[in-house]
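Results of the structural survey
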Amino acid sequence: MSDTTATAQPRTTEVVLPVPATPPARAYGPVTRTDFVRYQGASGDMNPIHHDEVFARAAGFPSPFSVGMWQASLLGTYATDWLGGPNVRDFRIRFLAQVWPGDVLTLEGVPLRTYVLESADGREARVDIELTCRRQTGDTAVTAWATFVLPLAAAGDATPEAGEQPETTEEQA
């Protein structure tokens, strides 16, 4: 018989917390192949489909197109400029459309929910946000979801108002 101890799962309590004002949409572009190549050099992803015209056309594309992680990095910068790099706890992305030379990108974000995470390590106020990177055509190129810590001092004691019944759920590990 093995000796195991159960680990308490973190709990979340939905509460209304102050979130720093959402920054205005940020435009970027028109983007160029040089933007793509600079990101490729920094990331080490030198796939020629992102900078070589002949290679991209041979693969069936009208021209080279951006590495999707470049748009994700633009969204990451937008979010960390807003809520602070040290406060990131989670960042997920979904690639939806390609970005081509000449595109103008618009970056936006919105808070989805605020809550307090309670675990063996203590309490942490958090906000989940959704981020989008859209092309000038209206197509969404990348969607991202991120979780950031909110300072508990700014959130007060982060407890529900008297008489309020907060929703408590088990956080997925």
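As the structure is a computational prediction, the values presented were derived from the model and not from experiment. (Residues numbered from 1 in each chain as written. Predicted model: local features only at pLDDT ≥ 70, side-chain atom pairs only at ≥ 80, totals over all residues. Heavy atoms only, no water.)

**Side note on the side chain of Ser 66**
Here Ser 66 lies in the loop between helix H2 (53-58) and helix H3 (68-83). Judged by relative accessible area, which is 5%, Ser 66 ranks as buried. (Helix = DSSP H or I, 4+ residues; strand = E, 2+ residues; numbered from the N terminus. Buried < 20%, exposed > 50% of the residue type's maximum accessible area, 1.4 Å probe, protein only.)

**Quick word on H3**
Note on helix geometry: an α-helix contains 3.6 residues per turn, so any two residues three or four positions apart are oriented the same way. In this model, H3 (16 residues) spans 23 Å end to end at C-alpha, consistent with the 22 Å of a helix rising 1.5 Å per residue. For H3, the complete set of buried residues consists of Trp 70, Gln 71, Ala 72, Leu 74, Leu 75, Gly 76, Tyr 78, Ala 79, Trp 82 and Leu 83. Of the residues one or two after H3, Gly 84 is the one with positive phi, at around 95°. (Expected span 1.5 Å × (residues − 1).)

**Topic: the pairing of strand S5 (residues 122-135)**
Summarising the sheet, strand S4 (residues 105-119) and S5 pair through 14 bridges and their orientation is antiparallel. Looking across to S5, one finds that Glu 118 is bridged to Arg 123. Hairpin connection between S4 and S5: a loop of 2 residues separates the two successive antiparallel strands. Linking S5 back to strand S6 (residues 140-150) in an antiparallel pair, the connection comprises 4 residues, with Gly 138 at a positive phi of about 100°. (Pairing = 2+ DSSP bridges.)

**Re unusual backbone geometry**
With an omega of 10°, the peptide bond running from Gly 29 to Pro 30 counts as cis. Relative to the helices and strands, Pro 30 resides in the loop between strand S2 (26-28) and helix H1 (33-43).

**Let's talk about the environment of Asp 103**
When you line up the elements, Asp 103 lands in the loop between strand S3 (88-95) and S4. In this structure, the C-alpha to C-alpha distance between Asp 103 and Thr 137, residues 34 residues apart in sequence, is 8.5 Å. With residues near it in sequence (within four places) discarded, Asp 103 still touches Tyr 28, Gly 29, Pro 30, Val 31, Gln 98, Arg 135 and Gln 136. In terms of polar contacts, Asp 103 uses its side chain to reach the side chain of Arg 135, at 2.6 Å. (Contact = heavy atoms within 4.5 Å. Polar contact = N/O pair within 3.5 Å; in protein donor to acceptor, adjacent residues only side chain to side chain.)

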